[in-house]
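Residues per chain are reported as follows:
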Amino acid sequence: MSVRIDRVVTRGGDKGQTSLGDGTRLPKNASHVEAIGALDETNATLGVLRCHVQAVDAALAERLADIQNLLFDMGGDLCMPEGSAHAKRIEPTVIVTLEVEIERLRALQSPLTSFVLPGGSLPAAWAHMARTSVRQAERAVVALSADTPINPALVPLLNRLSDYFFVLARHLNANGQEDVVWQPGRGLFHQG
């Protein structure tokens, strides 16, 4: 599929509205637009993560590029409301592929003995950012699904993507060896 964008400045959204793929006009704060925007934010986070892994793991950077394209496809799925003639829907088989990759990474990792705090290596910290961004997108898509019918594959796919970025963060922390673990009771005002 080829896309040609001749103009970036259209002024079409200057009054706080935007269009879905089928031409439907919505306010920019509509749940539909919020869900698509949350996917876009996640995609931007993945762009930063890719920059941090590109030099050390080109194959992982390519997998992340695949996920960025998938996120864009998910936005395109949401952009075409149910019943749209030319809608391309995400197939649920993508979830199985992601589950296989999650298990492949998880099998190499140290067993979890505590909750993991975001951190460790810089790429792992960005993987945690991606995980939380996916969770935000998931909440936005769930909120949208309460208002309008959507592709039923999208919510489980977002749930798996969050799982993926959790195990990816552990992978980027030497398969869990360099995880930063939660220490219950330790806090700024902890005495003792």
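Keep in mind that this is a model prediction, so the values were computed, not measured.

Undergrad: Provide a residue-level description of the overall build of the chain, including the pertinent values.
TA: Counting secondary structure elements, the chain contains five helices and four strands. Starting at the N terminus and walking to the C terminus, you meet the elements of the chain as β-β-α-α-α-β-α-α-β. By its C-alpha atoms, the chain is 60 × 40 × 30 Å across when sized along the principal axes. With 192 residues in all, the chain has 38% of them scored as buried. Excluding contacts between residues fewer than 6 apart, the proportion of contacts in the chain whose partners are at least 24 apart in sequence is 72%. With the model as given, the accessible surface of the chain reaches about 11,500 Å², and the carbon-plus-sulfur share is 57%. The chain carries 18 positive and 21 negative side-chain charges, and their two centres are separated by 4 Å.

Undergrad: Go over the environment of Gln 136 with me, naming the residues and quoting the values.
TA: Looking at where Gln 136 falls in the secondary structure, it is placed in helix H4 (residues 122-147). Separated by 102 residues in the primary sequence, Gln 136 and Glu 34 place their C-alpha atoms 10 Å from one another. The contact partners of Gln 136, leaving out residues within four places of it in the chain, are Ala 38 and Glu 41.

Undergrad: With reference to specific residues and values, describe the nonpolar core.
TA: In this structure, Leu 49, Leu 64, Met 74, Leu 161, Tyr 164, Phe 165 and Leu 168 are the most contacted members of the largest nonpolar core, which totals 38 residues. Taken together, the elements giving at least two residues each to this core come down to helix H1 (31-53), helix H2 (58-79), helix H3 (93-106), H4 and helix H5 (154-172). Counting residues per element, this core draws most heavily on H5, which supplies ten residues. Setting aside anything within four residues of it in sequence, one finds Leu 168 in contact with Leu 49, Leu 60, Leu 64, Leu 105 and Ala 127.

Undergrad: Requested: an account of the side chain of His 128, with residues and values cited.
TA: Examined against the element boundaries, His 128 turns out to sit in helix H4. Residue class for His 128 comes out buried when judged on its relative accessible area of 2%. Here His 128 is in contact with Val 116, Leu 117, Pro 118, Gly 119, Phe 166 and Ala 169, once residues within four sequence places are set aside.

Parameters and conventions
Residues numbered from 1 in each chain as written. Predicted model: local features only at pLDDT ≥ 70, side-chain atom pairs only at ≥ 80, totals over all residues. Heavy atoms only, no water. Helix = DSSP H or I, 4+ residues; strand = E, 2+ residues; numbered from the N terminus. Buried < 20%, exposed > 50% of the residue type's maximum accessible area, 1.4 Å probe, protein only. Contact = heavy atoms within 4.5 Å. Areas by Shrake-Rupley, 256 points an atom, 1.4 Å probe, with all protein chains shown as cover. Lys, Arg positive; Asp, Glu negative; His and termini not counted. Charge placed at Lys NZ, Arg CZ, Asp CG, Glu CD. Core = buried A, V, L, I, M, F, W, Y, C linked by side-chain atoms within 4.5 Å.

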